Amino acid sequence: MRSARPWLAPLLSALFLALLVGVWYLATYQPAAEATVDSEYAALVGQAASTGAKSAMPTPGEVGAKLWEHLSDPFYDRGTNDKGIGIQLLYSIGRVLLGFGLAALVAIPLGFVIGMSPLIYKALDPFIQVLKPVSPLAWMPLALYTIKDSGISAIFVIFICSLWPMLVNTAFGVAGVRRDWLNVARTLEVSRLRTAFQVILPAAAPTIMTGMRISIGIAWLVIVAAEMLVGGTGIGYFVWNEWNNLSIANIISAILFIGLIGMALDTLLARLARAVTYRE
Amino acid sequence: MTQPFLKVEALAKRYPGPAGKPANTVFENIHFGIAKGEFACIVGHSGCGKTTILNVLAGLDEASEGVVIMDGREVRGPSLDRGVVFQGHALLPWLSTLKNVEFGVRSRWPQWTPKQIEAHSIRYLEMVGLGHALHKKPAELSGGMKQRVGIARAFAIQPKMLLLDEPFGALDALTRGTIQDELLAIVQATHQTVFMITHDVDEAILLADKVLLMSNGPHARIAEIVDITMPRDRSRATIHHDPQYYRIRNHLVDFLVNRSRDYAAGAPAAAAHDPRNPPLVRPGLEGGAEVLPLPAGAAPAAPQLKPVSSASA
Ligand SMILES: Nc1ncnc2c1ncn2[C@@H]1O[C@H](COP(=O)(O)OP(=O)(O)OP(=O)(O)O)[C@@H](O)[C@H]1O
Ligand SMILES: [Mg+2]
């Protein structure tokens, strides 16, 4: 690896993107259509696709036009089935942050207790082992039945799926704090509370942050499926709705936005993780 | 004789043996005392239980039998009265040098203002020559600097007693020498009571008032107590000019190389040895290798010392 060319990797990325779009273009190219392709035409076709008049795979131009349309007016609201993609994304982000935040409030203190007490660890381990592999969506009917509110049920599903990685990682990080550091606190007669906050928490913070990063990734994966099920609002519902409209261009746009938001969430958590990482 | 400041009585450590087998005795019948202001080093082969003894003194570990009494009170659990310098320095890596020292100082004097805590901590860091590295993280320090922070942290809480577990074991000879000098100066100025583990015979002679020689485990015991009879104002540069130095050194090395395994159960030296009153020897003095009777009881004969010349070392 030569590090002297920092532009090489981005250049290759751009090349791959061009290749992808090129293949896509060729695959969706229809010689029967007009020979001249200009932006006006692309916009027209895009509109046609969104009304459901055209059901074939869209060309890159059509999707590009669609994207532009979404970006130029992301927050409009014209009733239940016609909201801007920005609004739908905000609904989803809100649910993810709420469910994830609640899960963090439960998982981190509980993980602390589990990590510090081998007895509680042993007592709770069977529950964790059985509940952890359950698909969060399997909770959905139960949530709908008991909570009787689709929005809160979606948040509950996010809560459940974010819980386990944070719980397990916190317990693991807390249990693995170096004996030496705990002994330092003990010989200095540092109170248990101060030890928890000033020794164990910073020592386990990188592991806890890793758990949080995994959790938010899973939460963002699950929210799309959850919203497809509960309907109403959110990017998952948007995708489902556009599938019913047979607007592939909209679906592709949504996929792109979902990916970008997911990346942003992960980058954010990675930043936070870097802030609490220490070198030994 | 008055009660020593620290008194260790009949200390033993046993680990449960494999199913059906008898327990694994690391050491037993450990008796010794340390006077106030005294610097005691303990020397012995790896695995004989030195760290275990130190951890029991610190209150971090529990002995299977026996008691430790410090300043008239039984040691039960760790206390700010006993500062510990850990072998692996054990600095908190996410805190700066200064914050590491402040961490202990705040615990020692909770009523102090942050300004007082900082000033006090800085004073101790300057004492070990780290006034310029207050805001560095441990990862940015060399091994010697880290160990100095550990020493400053232990000294800064002004404990009644300092416990050091091979504090310089991981350092190169040059750095070790410098820090030994610093420790020597600080201890001489503060009259700190110290219990220190070392593998380095020269280090023990330089720093200690007395050296506890531990026989090999299992069933390790204090085989002998060596009085370092050289004047207290020692320095690394001149200590080897003292004729006592080589006599003591040879005695210690001879113990480690030839005699430390003679105390196993059934060995002749063990039969003649009373672990309650290990012989006190003064190899530094001419003819001092023979046993000095201890007030508490008759001590058995110490092994004969071969005459040595300074050239042999
Ligand atoms: N959990 C344990 N179970 C059984 N034996 C143990 C356990 N912990 C320590 N030991 C034994 O106790 C003995 C003393 O250990 P200790 O660490 O005190 O030795 P040491 O004298 O400090 O050695 P070194 O000079 O290498 O540091 C060792 O022989 C070790 O095998
Ligand atoms: Mg040891």
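- Named according to an unreviewed UniProt entry, chain B is Nitrate/nitrite transport system ATP-binding protein originating from Azoarcus indigens.
- Database annotation for chain B, UniProt heading Sequence similarities (unreviewed entry): "Belongs to the ABC transporter superfamily."

- An unreviewed UniProt entry lists chain A under the name Nitrate/nitrite transport system permease protein, from Azoarcus indigens.
- As stated in UniProt under Sequence similarities (unreviewed entry), the record for chain A gives "Belongs to the binding-protein-dependent transport system permease family."

Topic: the UniProt feature "transmembrane region" (unreviewed entry) in chain A
Residues and elements named next belong to chain A.
Then step 1. Within this numbering scheme, the UniProt entry marks residues 7-27, 96-115, 127-147, 153-177, 218-240 and 246-269 as carrying the feature "transmembrane region" (unreviewed entry).
Then step 2. Annotated as residues 96-115, this span is 100% helix and 0% strand, and its ends, taken at the C-alpha atoms, are 26 Å apart.
Then step 3. Within residues 246-269, the helical portion is 92% and the strand portion 0%, while the C-alpha atoms at the span's ends are 35 Å from each other.

Looking at the UniProt feature "domain: ABC transmembrane type-1" (unreviewed entry) in chain A
Then step 1. UniProt marks residues 89-269 of chain A with the feature "domain: ABC transmembrane type-1" (unreviewed entry), using the numbering shown here.
Then step 2. Taken as a whole, residues 89-269 of chain A contains 86% helix and 0% strand, while its terminal C-alpha atoms sit 19 Å from one another.

Notes on the nonpolar core
Then step 1. Ranked by internal contacts, the top residues of the largest apolar core, which has 103 residues, are L6(B), I30(B), F32(B), I53(B), F195(B) and M214(B).
Then step 2. Looking at this core, the element that brings in the most residues is helix α9 (residues 192-230) of chain A, giving 16 residues.
Then step 3. In terms of nonpolar packing, the next biggest core, distinct from the first, is built from 57 residues, V85(B), Y124(B), L130(B) and F255(B) among them.

Some details on the interface of chain B and chain A
Then step 1. Every contact between the two is made by 22 residues of chain B and, on the other side, 19 residues of chain A.
Then step 2. Around 1900 Å² of area is buried between chain B and chain A when both sides are counted, 66% of it from carbon and sulfur atoms.
Then step 3. When residues of chain B are sorted by the area they lose upon contact with chain A, P93(B), W94(B) and F103(B) head the list and together hold 33% of the total.
Then step 4. Scanning the region where chain B abuts chain A turns up zero salt bridges.
Then step 5. Of all the secondary-structure elements, those providing two or more residues to the side of chain B that touches chain A are β6 (82-85) and α2 (97-108) of chain B.
Then step 6. Class assignment for the residues of the side of chain B that touches chain A results in 13 nonpolar, five polar and four charged.

Some details on helix α10 (residues 235-244) of chain A
All names here are of chain A.
Then step 1. Where burial is concerned, most of α10 is hidden: seven out of the 10 residues are buried.
Then step 2. Among all positions in α10, only I235, G236, Y237, F238, V239, N241 and E242 are buried.
Then step 3. Buried residues along α10 sit in contact with α3 (60-72), α4 (85-116), α9 and α11 (248-276).
Then step 4. L246 lies just past α10 and shows a positive phi near 55°.

Overview of the site of ligand 1
All names here are of chain B.
Then step 1. All residues in the neighbourhood of ligand 1 are listed as Y15, V26, S46, G47, C48, G49, K50, T51, T52, E166 and H199.
Then step 2. Here an oxygen atom of ligand 1 and a side-chain polar atom of H199 are 3.3 Å apart.
Then step 3. The element contributing the most residues to the shell around ligand 1 is helix α1 (residues 50-58), with three residues.
Then step 4. In terms of residue class, the shell around ligand 1 is made up of three nonpolar, six polar and two charged.

Basis of the calculations
Residues numbered from 1 in each chain as written. Chains lettered and ligands numbered in written order. Predicted model: local features only at pLDDT ≥ 70, side-chain atom pairs only at ≥ 80, totals over all residues. Heavy atoms only, no water. UniProt positions renumbered as here; feature names shortened; annotations may be inferred. Helix = DSSP H or I, 4+ residues; strand = E, 2+ residues; numbered from the N terminus. Core = buried A, V, L, I, M, F, W, Y, C linked by side-chain atoms within 4.5 Å. Buried < 20%, exposed > 50% of the residue type's maximum accessible area, 1.4 Å probe, protein only. Contact = heavy atoms within 4.5 Å. Buried area = accessible area lost by both parts, 1.4 Å probe. Salt bridge = Lys/Arg side-chain N within 4 Å of Asp/Glu carboxyl O. Nonpolar A, V, L, I, M, F, W, Y, C, P; charged D, E, K, R; others polar. Near = heavy atom within 4 Å. Polar contact = N/O pair within 3.5 Å; in protein donor to acceptor, adjacent residues only side chain to side chain.

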